[in-house]
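One-letter residues, chain by chain:
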Amino acid sequence: MTAPLDPTPSNSVKSAPGASEPARLDPNNTATLTIACPDRKGIVAAVSQFLLNHGANILHSDQHTTDPSGGQFFMRMEFHLDGLDLARGAFERAFESVIAQPFEMQWRVNYTAQPKRMAILVSRYDHCFLDLLWRKRRGELHIEIPLIISNHEDLRRDADMFGIPFHVVPVTKANKAEAEAEQVRLMHEAGADFAVLARYMQILSGDFLRSFGRPVINIHHSFLPAFIGANPYRAAFNRGVKLIGATSHYVTEELDAGPIIAQDVIPVTHRETPDSLMRMGRDVERQVLARAVKAHVEDRVLVYGNKTVVF
């Protein structure tokens with residue numbers, strides 16, 4: 001084996017043994033602060049000064065206002081915890097009293113060292129499901145996946161390959177309420193922070209969403225023009241569409257009408273077949289879902305009414 005190359009030029013000055021070097025910050029010792037509040041002067045200055053006063057080092061900061069005169073203000077700030085002079089609980093209590101209450105903020109702090117726990121619900125289609133598992137294994141998604149729930153047995157072997165518990169909860173018209181209650185129980189027991197419908201071909205009820213009480217992200221095709229029904233790709237082919245796409249959104253009681261997180265479209269031509277349209281559609285579905293999940297996991301999505309601000 002050849003020796004590794006020394007990146008230091010031969011005529012450069014090297015540090016003498018024992019010379020002090022800058023301390024390396026732990027990349028996993030960071031936190032993200034997200035804020036929503038009525039817009040007014042001084043918000044950014046107050047938050048930044050608070051973090052400075054308590055020894056935090058700001059890494060990234062994004063903000064947006066719907067209207068600088070009486071609108072809604074949103075901010076995402078990422079900072080290092082190295083040097084913080086307060087324990088986490090004390091830091092959050094101080095922020096609430098000193099900053100959040102005077103500015104009427106809705107706010108949250110999430111810590112990188114505590115990855116979010118994502119439950120997956122899936123039926124028989126595997127393209128989005130496998131893509132999420134692969135991205136998690138490759139380190140592209142900073143998450144834990146404590147369980148997978150399906151209404152069919154088809155994908156159990158794939159879940160076993162990734163070492164993730166796989167639960168089958170059959171769903172029929174007769175047992176839908178009981179099945180949803182069991183799904184919620186499993187997710188609560190596993191400590192899931194949010195759920196992703198990776199082409200889960202069941203409509204979730206309002207009771208499910210209220211009982212789970214955490215965000216649920218969905219993915220579906222979105223044709224221009226839109227087609228619904230059992231075979232949308234055939235309908236799109238018959239209409240001669242020139243664009244197909246996908247939409248990922250948070251789930252609400254109104255079907256496919258929740259706040260949108262990510263979307264994309266790709267051009268198609270008259271040469272496509274229903275099968276090729278389906279393959280292209282599945283490609284864009286998994287890409288859009290991955291972007292939406294990544295944005296959610298990194299606390300880049302702030303919901304405002306039925307809209308989102310995505311930093």
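- As annotated in an unreviewed UniProt entry, the protein carries the name Formyltetrahydrofolate deformylase and is attributed to Deinococcus puniceus.
- Quoted straight from UniProt, the Function (unreviewed entry) entry for the protein says "Catalyzes the hydrolysis of 10-formyltetrahydrofolate (formyl-FH4) to formate and tetrahydrofolate (FH4)."
- Listed in UniProt under the heading Catalytic activity (unreviewed entry), the comment for the protein reads: "(6R)-10-formyltetrahydrofolate + H2O = (6S)-5,6,7,8-tetrahydrofolate + formate + H(+)".

## A look at the packing of aromatic side chains
Move 1: Taken as a whole, this structure holds 6 aromatic pairs when the rule is applied.
Move 2: Seen in terms of ring centroids, Phe 50 and Phe 91 are 5.6 Å apart; in terms of plane orientation they differ by 50°. Their pairing is tilted. Placement of Phe 50 in helix H1 (residues 43-53) and of Phe 91 in helix H2 (residues 88-103) is noted, with a sequence separation of 41 residues between them. We note that Phe 50, like Phe 91, is buried.
Move 3: When the ring of Phe 95 is compared with that of Trp 107, the centres are 4.9 Å apart and the planes differ by 55°; the resulting orientation is tilted. One end of the pair, Phe 95, is in helix H2; the other, Trp 107, is in strand E4 (residues 106-111), and 12 residues separate them in sequence.
Move 4: Taking the relative accessible area as the measure of exposure, Phe 95 reaches 1% and is therefore buried.
Move 5: Each member of the aromatic cluster is reached from another via a ring pair, and the members are Phe 50, Phe 79, Phe 91, Phe 95 and Trp 107.
Move 6: The ring centre of Tyr 111 lies 4.1 Å from the NZ or CZ of Arg 88, which sits over that ring.
Move 7: Positioned over the ring face of Phe 212 is Arg 214, at 5.8 Å from the centre of the ring.

About the cut-offs
- Residues numbered from 1 in each chain as written.
- Predicted model: local features only at pLDDT ≥ 70, side-chain atom pairs only at ≥ 80, totals over all residues.
- Heavy atoms only, no water.
- UniProt positions renumbered as here; feature names shortened; annotations may be inferred.
- Phe/Tyr/Trp six-rings, centres within 6.5 Å; stacked < 30°, edge-to-face > 60°.
- Helix = DSSP H or I, 4+ residues; strand = E, 2+ residues; numbered from the N terminus.
- Buried < 20%, exposed > 50% of the residue type's maximum accessible area, 1.4 Å probe, protein only.
- Lys NZ or Arg CZ within 6 Å of the ring centre and 35° of its normal.

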